[in-house]
Amino acid sequence: MESGFVSEIEIDVDDNWNSTQHQTDGRFEFQKLRSYGALYFVKRPKKEYRHDLLTLESLNKEFSIGSNLSHPSIVRYLKKENDTIFEEYIDGLSLREMIDSNDRRLQSPQFIQRLCKDLLEAVAYLHQNRVIHNDIKPANVMITRIADQVKLVDLGCATTDMWDVAEGFTPKYKAPEQGCEATNTYTDIYLIGRLMEELAPIAGVSPEWEEFINKATFKNAKFRFLSAKEALKALPSRKWKEITYTIVFLVFFLGFWFLFNYFTSDFHKWLFSHILSIFK
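It should be emphasised that the depicted structure is a prediction, and the values quoted were computed from it without experimental measurement. (Residues numbered from 1 in each chain as written. Predicted model: local features only at pLDDT ≥ 70, side-chain atom pairs only at ≥ 80, totals over all residues. Heavy atoms only, no water.)

Caption draft 1: Fine view of helix α5 (residues 208-216). By the burial criterion, the buried members of α5 are W209, F212, I213 and A216. Buried residues of α5, viewed axially, fall in a sector of 95 degrees; they line one side. Turned more than 90 degrees away from the buried face of α5 sit E210 and E211, all of them exposed. The secondary structure elements touched by the buried residues of α5 are α3 (109-128), α4 (185-203) and α6 (228-234). (Buried < 20%, exposed > 50% of the residue type's maximum accessible area, 1.4 Å probe, protein only. Helix = DSSP H or I, 4+ residues; strand = E, 2+ residues; numbered from the N terminus. Arc of directions from axis to C-beta. Contact = heavy atoms within 4.5 Å.)

So, in structure tokens, the structure goes:
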């Protein structure tokens, strides 16, 4: 799910819809549509797959999962008509596009910190609803043009208790268990760890990130974070660093101030009068 569209196609929608541009990926094509001024993102099978049972089941599964979710960092699935899914349109760039274009935002440790936090919160929400994403990668993470909001997209590979068959995975980012055993919450945590492993060197983040990434990406799932909430608590934070630096600065400043006053001739008089003033 990318933001770049390259050409125009026809789509069977009513006259109120104005089709713009589209792109394709595997069995599906994606289209940006405008209706009464508002933009929507549309996904449907390519023409040669529109009667393929497995493709239609995959589309039905994705909408069934996505339409029951509501989180600010997860794409909204709005409606399904026949073989077509309508989603909210996200005006922005995918992390893949940002990496490939050397986007300056990726050089900010604060941006990376917030990105990881928002992703973990989105995944925690998915897991709370017994949904495993299974395909968290740069192409499936969007950053909005307005306010740099994180949006996790594409639930095509997601699994739940009812929909237990994953449609596949991305080899470059897959967890060790994918393709050979059932996935679980620790799979998504691994995928976020791999994503941060790619982004951390770009931003030059602190060494604490190495410990976080190593734990998230253990080959043996038993040694990873037990949940997204646990990973959130372990997320390296600049807040405590800033507090520590502030305390050190204050201690140094007060020490310097005390020594300066101690070696002035009027210090003892000042100290004595100050103590007396407290008890008055």
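Moving on from the model shown.
Caption draft 2: Local environment of the packing of aromatic side chains. If you walk through the whole model with that rule in mind, you get four aromatic pairs. Consider the rings of F30 and F41, whose centres lie 5.8 Å apart with planes at 25 degrees: the pair is stacked. Taken as a pair, F30 in strand β2 (residues 28-35) and F41 in strand β3 (residues 38-45) lie far apart in primary sequence, eleven residues in all. Take F30 and F41: they sit in the same class, and that class is buried. (Phe/Tyr/Trp six-rings, centres within 6.5 Å; stacked < 30°, edge-to-face > 60°.)

Caption draft 3: Fine view of unusual backbone geometry. Not every positive phi belongs to a glycine, and N82 is a case in point at roughly 55 degrees. Here N82 falls in the exposed class, since its relative accessible area comes to 72%.

Caption draft 4: Seen up close, the confidence of the model for the chain. On average, residues of the chain score 85 in pLDDT, and 76% of them reach the 70 mark or higher. A low-confidence stretch, residues 1-17 (pLDDT under 50), is modelled with 57 contacts involving residues beyond four sequence positions or located in other chains. (pLDDT = per-residue confidence, 0-100.)

Caption draft 5: Expanded view of the nonpolar core. Residues L95, V141, L199 and F212 are the most contacted members of the largest nonpolar core, which totals 58 residues. The element contributing the most residues to this core is α3, with eleven residues. Setting aside residues no more than four positions away along its own chain, L199 makes contact with L95, I99, L106, I112 and L115. (Core = buried A, V, L, I, M, F, W, Y, C linked by side-chain atoms within 4.5 Å.)

Caption draft 6: Quick peek at the pairing of β2. In terms of residue burial, β2 counts as a mostly covered element, since seven of its eight residues are buried. Two elements, β2 and β3, share eight bridges in a ladder whose sense is antiparallel. Of the residues in β3, the one forming a bridge with E29 is R44. Between the end of β2 and the start of β3, which pair antiparallel, lie two residues, with Y36 showing a positive phi angle near 50 degrees. (Pairing = 2+ DSSP bridges.)

Caption draft 7: Summary view of the pattern of salt bridges. On inspection of all chains with the given rule, the structure shows 18 salt bridges. For K79, the salt bridge is made with E81, and the minimal N-O distance between the two is 3.0 Å. Residue classification places E81 among the partly exposed positions, given a relative accessible area of 39%. Across the salt bridge formed by R105 and D148, the nearest N and O atoms sit 2.7 Å from each other. A residue pair is termed long-range when its members are at least 10 positions apart, and R105 in the loop between α2 (95-100) and α3 and D148 in the loop between β7 (141-144) and β8 (150-152) qualify at 43 residues. R105 sits in the partly exposed class, given a relative accessible area of 25%. Three or more residues joined by partner-sharing salt bridges are found here, namely E29, R44 and R50. (Salt bridge = Lys/Arg side-chain N within 4 Å of Asp/Glu carboxyl O.)

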